[in-house]
Amino acid sequence: MPLTFDEIKQRFQYEQANPVVPKTREEMPPTYESITDEWLTDVLAKNVVGAEVISHELGPEDNGTSNRRRIKVTWNQAGRDAALVEKLFCKGTQSLESRYMLGMNEGVQAEVNFYNVLYPEVGVIAPPPLFARYDEKTLNSIVVLEDLADQVTFPTMETDLSFEHCQSQMRLLAQLHSKYYQSPELEDRLSIFSKWETFFRITAIDAGFEDSCIRGFTQAEAVIPPRLFSREPEVWPATLKAADMHETMPRGITHNDVHLKNWFIRPDGEMGINDWQNTSRGNGSRDLAYCISTAVVPEKRRDWECELLKYYIEEFASRGGPQLEFDTVFKWYRQQLFAALAWWSGTLGQPPEAPAMQPAETSLEFIRRICVAIDDLDALDSFK
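Residues numbered from 1 in each chain as written. Predicted model: local features only at pLDDT ≥ 70, side-chain atom pairs only at ≥ 80, totals over all residues. Heavy atoms only, no water.

(A) Structural context of the pattern of salt bridges. Following the criterion strictly, the structure yields 27 salt bridges and no others. Here D381 ties to R231 by a salt bridge, and the two come within 3.0 Å at their closest N and O atoms. Of the two residues, D381 sits in the segment after α14 (360–376) while R231 sits in the loop between α9 (226–229) and α10 (232–244), which places them 150 residues apart along the sequence. Put simply, R301 and E305 hold a salt bridge, and the shortest N to O gap is 3.3 Å. On the criterion of helical spacing, the pair formed by R301 and E305 is a turn pair, its members being four residues apart in helix α12 (residues 298–318). By relative accessible area, which is 5% here, E305 ends up buried. (Salt bridge = Lys/Arg side-chain N within 4 Å of Asp/Glu carboxyl O. Helix = DSSP H or I, 4+ residues; strand = E, 2+ residues; numbered from the N terminus. Buried < 20%, exposed > 50% of the residue type's maximum accessible area, 1.4 Å probe, protein only.)

Now the structure itself:
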């Protein structure tokens with residue numbers, strides 16, 4: 001059962017009043033500043049005889065939905081001889097705000113469980129994990145990844161993806177979605193991941209994101225096609241319908257936050273993806289709508305979307321999934337655009353006192369791209 005705001009706050013305050021100095025992997029760092037060389041040694045070199053971290057350096061703070069930090073590690077000779085990783089990228093929920101945003105909908109657990117359970121099995125391109133753990137009582141968490149900053153390119157809003165890049169995205173999503181498609185494991189060992197409609201409704205209703213979504217849509221009027229904006233009262237009900245559809249749709253494992261800035265490009269041109277804190281059990285059409293509508297500008301999306309959906313269907317079948325009907329996938333694609341929109345109208349419309357999750361210009365551009373797709377495809381009428 002997800003925790004309430006009051007429960008999260010009380011447990012956070014207790015943790016802060018009784019801080020630990022972490023020395024072993026079983027102890028959760030309450031802050032990045034509390035991390036010790038001993039903790040890093042146990043986390044990174046438990047099975048390497050003689051290896052020790054002799055110093056480490058924290059990078060700048062980077063806070064959004066999660067608390068992120070880079071760490072530069074210096075090893076002793078045994079660690080250097082073993083070529084242990086020196087550059088780390090860490091994600092955690094060390095602030096009360098992050099535990100609110102990711103605690104009620106079980107996003108804290110989702111990313112840790114992805115790296116500990118799914119990453120070794122699904123065969124998708126993602127940052128290699130070195131350690132992942134969360135405390136189910138306090139919702140403190142930390143994921144330690146190899147820092148890929150010097151090895152890959154992270155897209156910005158100015159990045160102009162090619163058709164081949166977008167095909168790579170479709171291959172990754174087909175691999176992810178097909179792996180456990182309608183598998184009995186979804187109701188067994190993989191039930192540690194929330195159902196998507198539950199994740200969405202807790203975020204929207206219980207955690208109060210609904211008001212932010214409605215407010216953000218209004219604030220973004222300048223970038224929304226007038227025809228769509230004139231039907232504003234229909235948008236949020238359509239969003240809830242799009243989420244609730246997953247109750248009866250075939251399920252697999254889905255990422256659910258596949259916007260352009262969460263991807264990276266390897267030197268060979270293949271795309272990989274970060275930020276698995278929305279991992280759920282749902283239908284892959286949510287990822288398709290979200291990915292295609294935000295990856296490129298509307299002009300390219302119009303030219304490529306049908307080809308990309310057909311390519312995804314082929315890849316999905318070739319990786320063990322059934323042969324999906326294009327008309328069905330296309331209809332679901334149109335409908336799931338609303339759930340994608342909510343993640344950005346809600347980000348733009350956050351109350352002033354809430355921590356900024358993304359720059360306003362990023363939210364506005366993604367809202368523009370998704371809303372143009374909704375308007376182009378008459379998606380509001382796709383539920384009839």
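(B) Inspection of helix α1 (residues 5–17) at higher detail. The end-to-end C-alpha distance of α1 is 18 Å, a good match for the 18 Å that 13 residues give at a rise of 1.5 Å each. Residues of α1 that are buried include every one of I8, F12 and E15, and no others. The buried residues of α1 all sit within an arc of 60 degrees when viewed along its axis, so they share a single face. For α1, the exposed residues set more than 90 degrees away from the buried face come down to D6, Q10, Y14 and A17. (Expected span 1.5 Å × (residues − 1). Arc of directions from axis to C-beta.)

(C) Up close: the environment of L186. As for its placement among the helices and strands, L186 is situated in the loop between α6 (163–179) and α7 (196–206). By relative accessible area, L186 is classed as buried at 4%. In this structure the C-alpha to C-alpha distance between L186 and W276, which are 90 residues apart in sequence, comes to 17 Å. Those residues in contact with L186 that lie beyond four places of it in its chain are Y180, S191, R251, G252, I253 and R281. (Contact = heavy atoms within 4.5 Å.)

(D) Structural detail: the nonpolar core. Counting residues in each nonpolar core, the largest one holds 84 residues, and the members touching the most others are M170, L173, F200, Y312 and W343. The biggest single contributor to this core is helix α13 (residues 326–348), with 10 residues. Discounting residues that sit within four places of it in the chain, Y312 has contacts with M170, L173, A174, H177, L288 and L324. Listed in part, the 19 residues of the second largest apolar core include V53, W75, L84 and I142. (Core = buried A, V, L, I, M, F, W, Y, C linked by side-chain atoms within 4.5 Å.)

(E) Structural detail: the side chain of H165. As for its placement among the helices and strands, H165 is situated in helix α6. Of note is the side chain of H165, whose polar atom sits 3.0 Å from the backbone nitrogen of S162. Those residues in contact with H165 that lie beyond four places of it in its chain are I265, G269 and M271. (Polar contact = N/O pair within 3.5 Å; in protein donor to acceptor, adjacent residues only side chain to side chain.)

(F) Highlighting the layout of surface pockets. The space that makes up the largest pocket amounts to roughly 1,300 Å³. Mapped onto the lining of the largest pocket, the elements with two or more residues apiece are β3 (67–75), β4 (87–92), α4 (96–103), α5 (107–122), β6 (141–146), α7, α8 (209–219) and α13. Considering each element in turn, the lining of the largest pocket owes the most residues, four residues, to α4. Estimated volume of the second largest pocket: approximately 290 Å³. In this structure, the second largest pocket is lined by 13 residues; those nearest its centre are Y14, E15, N18, D135 and T138. A breakdown of the residues in the lining of the second largest pocket according to their chemical character gives five nonpolar, three polar and five charged. (1 Å grid on protein atoms, 1.4 Å probe; cavity = no way out; pocket = protein on both sides within 12 Å on 5 of 7 lines; lining within 4 Å. Points joined across faces, edges and corners; volume = space filled by probe spheres on them. Nonpolar A, V, L, I, M, F, W, Y, C, P; charged D, E, K, R; others polar.)

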